[in-house]
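Chain and residue survey
This is what each chain is made of:
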Amino acid sequence: MSDAPDARRPHSEAVLTDTTPPALRLREDAWDLTVSDGPVIATAIHDGHTLRPALRHHIALDEQSRWREEDPLTSLLTQVGDARLRVRTSRFEVDLNRPRAGCIYETPEASWGLQVWNGPLEDAERAASLALYDRFYAMMGELIDRTVERWGCALLVDIHSYNHRRDGPDAAPADAAGNPDIELGITTLDPDRWGDTARRFANVLRRHPVRGALPDVRCNVRFPTGGHFPEWVYAHWGERVCTISPEYKKIFMDEWSGQADIPALYALRDGLQHAVDAVRPEFLA
């Protein structure tokens, strides 16, 4: 076996050993991964809220502000996958959907104008976050490799949510014209092979009501360029992986109070399950 580094895996700046300081050791509770035999991988990489203890003394944001910018409850939607990943770690510790150089929010410009830290992070804390980032991408690389080897291709459902009431809890929500109930990010799939699959996926979602109404489902409206994670997948597996990134407007919760609308959340999950079931045969060749 070659000792050359795998170009698909981000390079780690630190080699972890038994003598590595505790701040640099990788936690075992960073995410939950459940794998069964099948070609569908569902991820909720921004669902998490936890911070490692050392960072709690550095964080400037209050709990509610962090919750508002995370994607709580999206892990419930990963039930549609054969492999299901819920990241427990908050994006404010390390954002797994950004390039490695920007995965730690260093300035307010990197985090919606929010002042995340009380001051600059120590090198040891930065290294701990980067080690977690590298571990995530190494783990996902192995999972995708094995899925593609087993099935020849894979469907990656990369689940997120977004706020639409940024002007305050009593202000009107953002204009629906630019804020669909479900936005499907499909910029990081091969349109020749998977374009029809994505259209079928979207059409099935549109047929399943939420709160007594059919959802507004559109593609590439708010986030036309996608995130780093699906871009990384496309760069290394190309047409072998069909990545669809549903961005759910927070119609399943009050983004200011955190109160969940459980029936709406379950309806969204059921609609997503029907969409995955509709296209699953295309990945079972």
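Quick note: structure is the one above.
Residues numbered from 1 in each chain as written. Predicted model: local features only at pLDDT ≥ 70, side-chain atom pairs only at ≥ 80, totals over all residues. Heavy atoms only, no water.

1. Focus: the layout of surface pockets
Which parts of space are left empty comes out when a probe the size of a water molecule is rolled across the atoms. In plain terms, the rule: Cavities and pockets are found on a 1 Å grid laid over the protein atoms alone: a cavity is a set of points where a 1.4 Å probe fits but cannot escape, a pocket is an open set with protein on both sides within 12 Å along at least five of seven lines, and a lining residue has an atom within 4 Å of such a point. Grid points are joined across faces, edges and corners, and a volume is the space filled by probe spheres set on the points. Segments assigned H or I by DSSP are reported as helices when at least four residues long, segments assigned E as strands when at least two residues long, and all are numbered from the N terminus. Lys, Arg, Asp and Glu make up the charged group, whereas Ala, Val, Leu, Ile, Met, Phe, Trp, Tyr, Cys and Pro make up the nonpolar group; the residues left over, Gly among them, are polar.
Size it by volume and the largest pocket reaches roughly 530 Å³. Along the wall of the largest pocket there are 29 residues; nearest its centre are H46, R91, N97, F223 and E247. Of all elements in the fold, only α1 (63-69), β5 (160-162) and β8 (241-249) reach the threshold of two or more residues within the lining of the largest pocket. Top contributing element to the lining of the largest pocket by residue count: β5, with 3 residues. The class makeup of the residues in the lining of the largest pocket is 5 nonpolar, 12 polar and 12 charged.

2. Some details on the environment of R166
Stated formally: Throughout this description, buried means an accessible area under 20% of the type-specific maximum (1.4 Å probe, protein chains only), exposed means over 50%, and partly exposed covers the range between. Contacts are assigned to residue pairs with any non-hydrogen atoms lying within 4.5 Å of each other. Counting of polar contacts relies on pairs of N or O atoms within 3.5 Å, with two restrictions inside protein: one atom must be capable of donating a hydrogen and the other of accepting it, and residues adjacent in sequence are counted only when both atoms are side-chain atoms.
For R166, the position within the fold is in the loop between β5 and β6 (182-185). Classification of R166 by relative accessible area gives partly exposed; the value is 45%. Here R166 is in contact with E69, W112, E255 and W256, once residues within four sequence places are set aside. In this structure the side chain of R166 is engaged in a polar contact, spanning 2.8 Å, whose partner is the side chain of E69.

3. Here's the deal with the packing of aromatic side chains
What counts here: Under the pairing criterion, centres of Phe, Tyr and Trp rings, with the six-membered ring standing for Trp, must be within 6.5 Å; the plane angle then separates stacked pairs below 30 degrees from edge-to-face pairs above 60, leaving the rest tilted. Two conditions define a charge located above a ring, namely a distance within 6 Å from the ring centre to NZ of Lys or CZ of Arg, and an angle within 35 degrees of the ring normal.
Applying the stated criterion across every chain, the model contains 13 aromatic pairs. On the basis of an interplanar angle of 65° and a centroid distance of 6.1 Å, the ring pair of F92 and W112 is categorised as edge-to-face. Here F92, found in the loop between β3 (83-87) and α2 (123-151), pairs with W112, found in the loop between β3 and α2; they are 20 residues apart in sequence, far enough to count as distant. We classify F92 as buried; its relative accessible area is 0%. Ring geometry for W194 and F283: centres 4.7 Å apart, planes at 10°, overall stacked. Taken as a pair, W194 in helix α3 (residues 191-206) and F283 in the segment after α5 (262-279) lie far apart in primary sequence, 89 residues in all. Sitting over the face of the ring of W112, R98 holds its NZ or CZ atom 5.8 Å from the ring centroid. Against the face of W151 rests R150, its NZ or CZ located 4.2 Å from the ring centre.

4. Topic: the nonpolar core
One broad trend across soluble globular proteins is that nonpolar side chains are buried collectively. Operational definition: Nonpolar cores were defined as sets of buried Ala, Val, Leu, Ile, Met, Phe, Trp, Tyr and Cys residues, with membership established by side-chain atoms within 4.5 Å.
Ranked by size, the top nonpolar core spans 37 residues in total, and within it F136, M140, I144 and F229 carry the most contacts. Broken down by secondary-structure element, the contributors of at least two residues to this core are β3, α2, β4 (154-158) and α4 (228-237). Considering every element that reaches this core, the biggest residue donor is α2, with 10 residues. Once you skip the residues sitting within four places of it in the chain, M140 turns out to touch I41, T43, L85, F229 and W232. Listed in part, the 34 residues of the second largest apolar core include V40, M253, L265 and V279.

5. A closer look at the pairing of β6
To keep things clear, this is the line we draw: Only strands joined by at least two bridges in the DSSP assignment are considered to pair. Note on handedness: a crossover is taken as right-handed if, strands pointing away from the viewer, the path from the first strand over the helix to the second is clockwise.
Alternating residues of β6 divide into I182 and L184 and E183 and G185, and every residue in both groups is buried. Two strands pair when backbone bridges link them, and β6 and strand β7 (residues 217-219) are joined in this way by 3 bridges, in the parallel orientation. Within β7, the position partnered with L184 by the bridge is C219. The parallel pair β6 and β7 is bridged by α3, and the resulting crossover is right-handed. With 4 bridges connecting them, β6 and β8 associate as antiparallel partners. By the bridge assignment, E183 is partnered in β8 with E247.

6. Thoughts on α3
Along α3, the residues that are buried comprise W194, G195, T197, A198, F201, A202, V204 and L205. Contacts from the buried residues of α3 go to β6, β7, β8 and α5. Backbone nitrogen of D192 and a side-chain oxygen of the N-cap are separated by 2.9 Å at the start of α3; the cap is D190.

7. Considering the side chain of K249
Mapping K249 onto the fold places it in strand β8. Given the relative accessible area of 6%, K249 is considered buried. Only 2.8 Å separates the side chain of K249 from the backbone oxygen of N179, close enough to count as a polar contact. Those residues in contact with K249 that lie beyond four places of it in its chain are Y162, H164, N179, P180 and D181.

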